[in-house]
Amino acid sequence: MTSDPMALPSDPTTNGPPPSASPKASPEQSRRASPDASPDASPDASPDASPDASSKRPAVRTWDVDDLPALDFDPLMTELLHDEPIARISLPFAADHEAWLVTRYEDVRAVTSDPRFSRTALLDRAVTGMTGHRVASKAALNYADPPYHTQLRKAVTKAFTGQSTKRLRPLAQATCDRLLDAMEAAGRPADLMTHLHGPLPLSVVCDLLGIPEEDRAELASWPNLILSSGPGPESSEAAKAHIHRYITALLEQRRAEPADDLGGVLAESLAEGRIDGDEAVSLAMAILISGAHAVRNNSANMVYLLLTRPDLADRLRAEPGLLPRAVDELLRWIPHRNGVGLPRIALTDVEIGGVTIRAGEAVYASYLAANRDPAVFADPHTVDFDRADIAHMAFGHGPHHCMGAMLTRMESEVMLSTLLTRYPELRLAGRPEDVPFQSKGLIRGPKELYVTW
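What counts and what doesn't
- Residues numbered from 1 in each chain as written.
- Predicted model: local features only at pLDDT ≥ 70, side-chain atom pairs only at ≥ 80, totals over all residues.
- Heavy atoms only, no water.
- 1 Å grid on protein atoms, 1.4 Å probe; cavity = no way out; pocket = protein on both sides within 12 Å on 5 of 7 lines; lining within 4 Å.
- Points joined across faces, edges and corners; volume = space filled by probe spheres on them.
- Helix = DSSP H or I, 4+ residues; strand = E, 2+ residues; numbered from the N terminus.
- Nonpolar A, V, L, I, M, F, W, Y, C, P; charged D, E, K, R; others polar.
- Salt bridge = Lys/Arg side-chain N within 4 Å of Asp/Glu carboxyl O.
- Buried < 20%, exposed > 50% of the residue type's maximum accessible area, 1.4 Å probe, protein only.
- Core = buried A, V, L, I, M, F, W, Y, C linked by side-chain atoms within 4.5 Å.
- Contact = heavy atoms within 4.5 Å.
- Axes fitted to C-alpha atoms, helices over the stretch in contact; angles between N-to-C directions.
- Parallel < 35°, antiparallel > 145°, perpendicular 65-115°, else oblique.
- Left-handed = near helix turned anticlockwise from the far one by under 90°.
- Pairing = 2+ DSSP bridges.
- Right-handed = clockwise from strand over helix to strand, strands pointing away.
- Arc of directions from axis to C-beta.
- Phe/Tyr/Trp six-rings, centres within 6.5 Å; stacked < 30°, edge-to-face > 60°.
- Lys NZ or Arg CZ within 6 Å of the ring centre and 35° of its normal.
- pLDDT = per-residue confidence, 0-100.

Undergrad: Just checking my understanding: could you explain the layout of surface pockets for this structure?
TA: The gaps of empty space that remain are located by a probe, the size of a water molecule, rolled over the atoms. A volume near 150 Å³ is recorded for the second largest pocket. In terms of lining, the second largest pocket is formed by 13 residues, of which the most central are Asp114, Pro115, Phe117, Pro146 and Pro399. For the lining of the second largest pocket, the element with the highest residue contribution is helix α3 (residues 105-113), accounting for three residues. Looking at the lining of the second largest pocket residue by residue, the classes come out as six nonpolar, three polar and four charged.

Right under this line is the structure:
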């Protein structure tokens, strides 16, 4: 579960036309600087915004968020981080609006921890975004601000303690061993997405929630449908409806038959009135969807990188104690999503990095770019397992920091350590450039990952 797995359409306002366009990005990057923005001020614009202040605003970048090869870092992110760390962007949907995008580490920390930037305010705004439909439920944590957000998190934090992760680790290891036994029986070459990266994260999150083994195959494809901009809103909404019905039934069962799992924790919170039914189902759905989908892709990204960088894999085999720090470095380095997650709305005028963001404007914060900020990480585009104190933002920052961070690290460690130990000759079954990656997904990852050993 990496940062902000849910995404939605975003950005509220424009405050008059910007000046002439800044230099365009190169055509091969499929990015361009828009020559002008909407000529009319948004009704949400700050009433005291002066024409002079508006005329100084940067030109708007149209960000198509194209599919990128394998684990290539988005060149627009690199450009903005170095040349325009607080930029104006429009995304593929609701493109007649604009939003701010912050990319520097310190600016990202500021925006994501400052209560003057609100997620709840998104519910009443039209915002430029990655998809044409709202992915997350309105009752979800994603749209909550403290203190309500804090109340929702308290309803589930008991299931995300270090003790809970410790309890789930042997189950994850047993599942991993069983899946790889089946992979070997099926013969070489084998698709790790089918045999390991798909079923193991789903199994772990089902163990967490208390979903029985016989129901898991039915759930397997739904997270992928929801977290994709490709199939469209109809498929996404149908998948969400299926999961909603299933989770509702599970929580009803847990209320009648309490159990020591997340389903039981949510049912207890529901019975005690700390959360309502929609909130309970929304929390369970968010954890199931992000836990199954995000870990599936990011763990596969890690294996893909190690198989294309055998020097890194060999070092981890030689120094297995290095694995926890290596996992954190891989989390920092791997661009685990396309574009950006959910934005926030400024509740008042706020100055960030010398730029005034006006009340009512949307702000995106790029955790990916922050993880490549040279002011914080020396030689940031290099994978360095000796990097100390890796304070990365792969799990987000502030109130919306991913509560499944420990669980995600554990799953990644189990998969990597088992593969590296069990298969000293593990390698891709073809050329790295022939590995197909998912198209139009919000979370990046291989579509197939065929290996031999």
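Back to the write-up after that little detour.
Undergrad: Can you walk me through the pattern of salt bridges in this structure?
TA: As a working rule, side chains carrying opposite charge can pair if their charged atoms are close by. Overall, the coordinates contain 24 salt bridges when judged by the stated rule. For Asp314, the salt bridge goes to Arg317, with nearest N and O atoms at 3.5 Å. Separated by three residues within a single helix, Asp314 and Arg317 lie in helix α13 (residues 310-318), roughly one turn from each other. Taking relative accessible area as the criterion, Arg317 reaches 27% and is therefore assigned partly exposed. Arg332 is the salt-bridge partner of Glu329, the closest N and O atoms lying 2.9 Å from each other. Of this pair, Glu329 and Arg332 both sit in helix α14 (residues 323-333), three residues apart, which is roughly one turn of that helix. Each member of the salt-bridge network shares a partner with another, and the members are Arg315, Glu319, Arg325 and Asp386.

Undergrad: Mind showing me how you'd approach the nonpolar core here?
TA: For soluble globular proteins, the rule of thumb is that nonpolar side chains tend to be buried together. Among the nonpolar cores identified, the biggest contains 88 residues, and Ile247 and Leu262 are the most heavily contacted of them. Once residues lying within four places of it in the same chain are set aside, the contact partners of Leu262 are Val156, Ala159, Phe160, Leu208, Leu209 and Ile287. In terms of nonpolar packing, the next biggest core, distinct from the first, is built from 24 residues, Trp63, Ala87, Ile345 and Leu368 among them.

Undergrad: Looking at this structure, I do not really get the environment of Val111. What am I missing?
TA: In this fold, Val111 is placed in helix α3. Between the C-alpha atoms of Val111 and Pro343, which are 232 residues apart in sequence, the distance is 9.8 Å.

Undergrad: What's the story with the packing of helix α7 (residues 199-209) against helix α12 (residues 277-308) in this structure? I'm lost.
TA: Two quantities define a packed helix pair, namely the angle between the helix axes and the distance between the axes. Packing of α7 against α12 brings their axes to within 8 Å, and their N-to-C directions diverge by 155°. Taken together, the axes of α7 and α12 are roughly antiparallel relative to one another. Helix-helix and strand crossings are classified by hand; for α7 and α12 the assignment is right-handed. From α7, Pro201, Leu202, Val205, Leu208 and Leu209 reach across to α12, where they touch Ala284, Ile287, Leu288, Gly291, Ala292, Val295 and Arg296. Split by residue class, the contact of α7 with α12 holds ten nonpolar, one polar and one charged.

Undergrad: What should I look at first to understand unusual backbone geometry in this one?
TA: With the exception of glycine, the majority of residues adopt a negative phi angle, and the majority of peptide bonds are in the trans configuration. Here Pro146 and Pro147 are connected by a cis peptide whose omega angle stands at 5°. Structurally, Pro147 can be placed in the loop between β5 (117-118) and α4 (148-154). Residue Arg188 is joined to Pro189 through a cis peptide bond whose omega torsion reads -10°. Mapped onto the elements, Pro189 comes out in the loop between α5 (162-186) and β6 (190-191). Positive phi, close to 50°, is recorded for Val65, a residue that is not glycine. With respect to the secondary-structure elements, Val65 resides in the loop between β2 (60-63) and α2 (75-83). Notably, Asp389 is not glycine yet its phi reads approximately 50°, a positive angle. Note on Asp389: relative accessible area 75%, which makes it exposed.

Undergrad: Help me out: how do you make sense of the pairing of β2 in this one?
TA: Each regular strand carries side chains that alternate between the two faces of the sheet. Going residue by residue along β2, you find Val60 and Thr62 tucked away on one face and Arg61 and Trp63 tucked away on the opposite face as well. Note that β2 and strand β3 (residues 86-90) share three bridges and pair parallel. Its bridge partner being in β3, Thr62 is matched across the sheet by Ser90. With α2 bridging β2 and the parallel β3, this β-α-β connection has right-handed handedness.

Undergrad: Honestly, α13 in this entry has me stumped. Any pointers?
TA: Residues lying three or four places apart along an α-helix face the same way, a consequence of the helix completing one turn every 3.6 residues. Looking only at α13, the buried set comprises Leu312, Ala313 and Leu316. Viewed end-on, α13 has its buried residues packed into an arc of 100°, placing them on one side of the element. Packed against the buried residues of α13 are α12, α14 and α16 (405-422).

Undergrad: Please explain the packing of aromatic side chains as it appears in this structure.
TA: Aromatic ring pairs are reported here in terms of the distance separating the ring centres and the angle at which the planes meet. The final tally for this structure, using the stated rule, is three aromatic pairs. Measuring from ring centre to ring centre gives 5.8 Å for Tyr105 and Phe377, while their planes differ by 80°; the resulting arrangement is edge-to-face. Of the two residues, Tyr105 is situated in helix α3 and Phe377 in the loop between α15 (367-370) and α16; the sequence distance between them amounts to 272 residues. The residues Tyr105 and Phe377 share a single accessibility class, namely buried. Cation over ring: Arg88 sits above Trp100, and NZ or CZ is 4.8 Å from the ring centre. Over the face of the ring belonging to Phe377 we find Arg332, whose NZ or CZ atom lies 5.2 Å from the ring centre.

Undergrad: Whenever I open this one, the confidence of the model for the protein confuses me. Can you help?
TA: Low pLDDT means the predicted coordinates in that region are not meant to be read closely. On average, residues of the protein carry a pLDDT of 85, and 82% of them reach 70 or more. Note on residues 5-55: pLDDT under 50 across the span, and 153 contacts to partners over four residues away in sequence or across chains.

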